[in-house]
Amino acid sequence: MSKRVVITGLGVAAPNGVGLADFEAAIKAGKSGIRHFEELKNMNFSCCIGGIPEVSDELKLKYLTPLQLRNFTSSGILYACMSGIDAWHDAGLSFAEDEPHWDSGCIFGTGISGVEKMREATYKLDEGKVKRLGSTSVAQTMSSGVSAYLGGIIGLGNQVTTNSSACATGTEAILLAYERIRAGLATRMIAGSSGEHGPYIWGGFDAMRVMTYKHNNSPTEGSRPLSSTASGFVPGSGGGALVLESLESALERGAPVYAEVLGGAVNSGGQRLGGTMTAPNSTAVQRCIKSAVENANIQADDIDLINGHLTATIKDPVEIENWSVALGRKGEDFPYIHSLKSMIGHCLSGAGAIESVAAVLGLKNEFIFPNTNCDDLHPEISSLIAPEKVPTKLIETKEVNVVAKASFGFGDVNACVIFKKF
Amino acid sequence: MNKTELIDSLKEIIKPYIQDEAAFQNLTEDTKFIDDLKINSANLVDIVLDVEDKFDIHIEDDAMENMLTVKGAMDIITDKIGAK
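Residues numbered from 1 in each chain as written. Chains lettered and ligands numbered in written order. Predicted model: local features only at pLDDT ≥ 70, side-chain atom pairs only at ≥ 80, totals over all residues.

Now for the overall build of chain B. Secondary structure assignment for chain B yields 5 helices and 0 strands. Radius of gyration (C-alpha) of chain B: 12 Å, near the 12 Å computed for a compact globule of 84 residues. Reported as C-alpha extents along the three principal axes, the dimensions of chain B are approximately 35 × 25 × 20 Å. Residue burial in chain B is summarised as follows: out of 84 residues, 25% are buried. Considering only residue pairs separated by 6 or more positions, chain B has 47% of its internal contacts joining residues 24 or more positions apart. (Helix = DSSP H or I, 4+ residues; strand = E, 2+ residues; numbered from the N terminus. Rg over C-alpha atoms; globule rule 2.2 N^0.38 Å. Buried ≥ 20, exposed ≤ 12 C-beta atoms within 10 Å, placed from the backbone. Contact = placed C-beta atoms within 7 Å.)

Let us now look at the overall build of chain A. Within chain A one finds 15 helices and 15 strands. Taking 2.2 N^0.38 as the reference for a compact globule, 422 residues should give roughly 22 Å; the C-alpha atoms of chain A span a radius of gyration of 20 Å, in line with that estimate. With respect to the principal axes defined by its C-alpha atoms, chain A has extents near 60 × 55 × 40 Å. The buried share of chain A, taken over its 422 residues, is 56%. For chain A, contacts bridging at least 24 residues in sequence account for 81% of all contacts bridging at least 6.

Attention shifts here to the interface of chain A and chain B. Of the residues lining the interface, 6 residues belong to chain A; the matching set on chain B comes to 7 residues. Here the side of chain A that touches chain B is composed, by residue class, of 2 nonpolar, 2 polar and 2 charged. (Nonpolar A, V, L, I, M, F, W, Y, C, P; charged D, E, K, R; others polar.)

A separate point is the domain arrangement of chain A. All names here are of chain A. If you check the domain split of chain A, you get domain 1 (5-259) and domain 2 (263-421). Between domain 1 and domain 2, the C-alpha centre-to-centre distance is 21 Å. With 58 residues of domain 1 in contact, the opposing surface of domain 2 contributes 59 residues. Of all the secondary-structure elements, those providing two or more residues to the side of domain 1 that touches domain 2 are strand E1 (5-14), helix H1 (20-29), strand E4 (49-51), strand E5 (104-110), helix H8 (169-182), strand E7 (188-195) and strand E8 (238-246). A per-element tally of the side of domain 1 that touches domain 2 places H8 first, with 7 residues. Broken down by class, the residue content of the side of domain 1 that touches domain 2 amounts to 25 nonpolar, 27 polar and 6 charged. (Domains from an automatic or database assignment.)

Residue and element names in this part refer to chain A. Burial within E1 is extensive, with 10 of its 10 residues counted as buried. Strand direction decides the pairing type here: E1 and E8, joined by 8 bridges, are antiparallel. Within E8, the residue paired with Val5 across the bridge is Ser246. Where E1 meets strand E9 (residues 259-268), 3 bridges bridge the pair, whose relative direction is antiparallel. (Pairing = 2+ DSSP bridges.)

Note on strand geometry: in a regular strand, side chains alternate between the two faces of the sheet. All names here are of chain A. With 8 of 8 residues buried, E7 is to be regarded as a mostly interior element. Burial along E7 is two-sided: the residues Arg188, Ile190, Gly192 and Ser194 and Met189, Ala191, Ser193 and Gly195 are all buried. Here E5 runs beside E7; their pairing, made up of 7 bridges, is parallel. Each residue of the ladder has a partner; that of Thr110, found in E7, is Ser194. In this sheet, E8 lies alongside E7 in antiparallel orientation, the contact comprising 8 bridges. Among the inter-strand pairings, Ser194 is bridged to a residue of E8, identified as Gly239.

All names here are of chain A. Looking at where Gly331 falls in the secondary structure, it is placed in the loop between helix H12 (316-327) and strand E11 (336-338). The exposed category is assigned to Gly331, around which 11 C-beta atoms lie within 10 Å. Taking the C-alpha atoms as reference, Gly331 lies 9.8 Å from Ile381; in sequence the two are 50 residues apart. When sequence neighbours within four positions are dropped, the list of residues in contact with Gly331 reads Ile385 and Ala386.

Residues and elements named next belong to chain A. Most of helix H7 (residues 145-154) is tucked away, with 8 of its 10 residues classed as buried. Inspection of H7 places Gly145, Val146, Ser147, Ala148, Tyr149, Leu150, Gly151 and Ile154 among the buried residues, and these make up the whole buried set. In the core, the buried residues of H7 are packed alongside helix H4 (75-90), E5, helix H6 (137-141), strand E6 (160-161) and E7. Downstream of H7 by one or two residues, Gly155 has phi in the positive range, about 90°.

This part is about the environment of Gly198 of chain A. Counting through the fold element by element, Gly198 of chain A comes out in the loop between E7 and helix H9 (199-207). In sequence terms Gly198 of chain A and Leu78 of chain A are 120 residues apart; their C-alpha atoms lie 14 Å from each other.

Here the focus is the nonpolar core. Judged by nonpolar contacts, the single largest core of 108 residues is most densely connected at Ile190, Leu242, Leu244, Ile289, Ala292 and Val360 of chain A. Residues lining this core come from more than one domain, with at least three contributed by each of domain 1 (5-259) and domain 2 (263-421) of chain A. Filtering out sequence-adjacent residues up to four positions away, Ile190 of chain A remains in contact with Gly84, Ala87, Trp88, Cys106, Phe108, Leu150, Ala241 and Val243 of chain A. One finds Tyr17, Val48, Met67 and Ile76 of chain B within the second-largest nonpolar core, a separate group that totals 18 residues. (Core = buried A, V, L, I, M, F, W, Y, C linked by C-beta atoms within 7 Å.)

Quick look at the structure:
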């Protein structure tokens, strides 16, 4: 029989809160982590605002040794280590001594690792100084650097790998880890994702004109999912991690459980039927949501809350319509829906995991974090669902039992996971 | 630069990479970087870079192969400084 899978640990490094306690307080308060960056302005970016977790040098030393931090510039790997190690400790687990934790692994995703390091290396290479790259250029720039650093620090002995599916990465990682435990191939897995920060990551998006240029003087109001004045996303960064574990293992060691992972689905629109490299095929999105409901063995009506992808581009109303069609629910019957991106921007490959940490915290501690910057709900959205389903104030409630979290990414890829209160 | 000064400079350079503090405290010319100081072999290339920066010299691949002990490193550095 397939194993039930629960969440026993969480960790997060987000633009509006680093560490679980700060993050939870921030999302309940609707605190923005979006700031103006002079560096972006000086580099002629249209969008000069973004979200970067505030991490002191002292805090870094809690996670990485001085030697590991020597010539270390890969922010995505840092966020992976911070969130992953925090989640591991939060689950009441310790680092392996000599013998690795054979039954524990990690699937930790990213879009790309070490762009700063790669830039540094490129200059040296072009000057003919290949030997000056040092010993960590590879480790810091390989995509799997995120899982490799984390796996080595903790001493993970099961599968240690990195998945990559653009902005769906984190949500997909949770489902991949879930499937592995469910199949009995691992007892516990750290599932998560991180996204790096800075101009060399964000530049390509600025060039595509998909980020907002209207809020350079009002950064905290810039990320406006679901709003009629949404004008493009605000770039973010950070990392999130969840320790997934078989229910029997959690019970056996008496580990507190945050929530159960009921199941989910991943698919692709194949860049057909309106889907492209950068735009989702709505048919595929709806199929993904329906498959997730089916796979979780629940009814569409069981979903109390949606933690949406909702990036604050012109596509938000389309996402609402897709949820509405897929679940067969509209108006007053539609579940609550919110987007964490209003506070932290779009953390790209880190988004799915950071937002899932928020979803699981809300389930466990019985609250629905508010949508900020959304007092002017988009009319196409209010024509589909009742405006009170888009809460702009914190709601403390015991009535939320099932949360659906979805993420959609470039390449026309989708992921939807279903969490249930335990 | 006399021998003591050279050893002190070298100790300063390898300090961040050592994994065995006791062996580092008792460092002699015969101390081996990997076997005694437990330095990760991948970090030897970083030590070479740091040595190059410190003494403003260039160390070729074949010379680097001999840089496995404190004495080996000292010989190379002395040789390169002399050749300048």
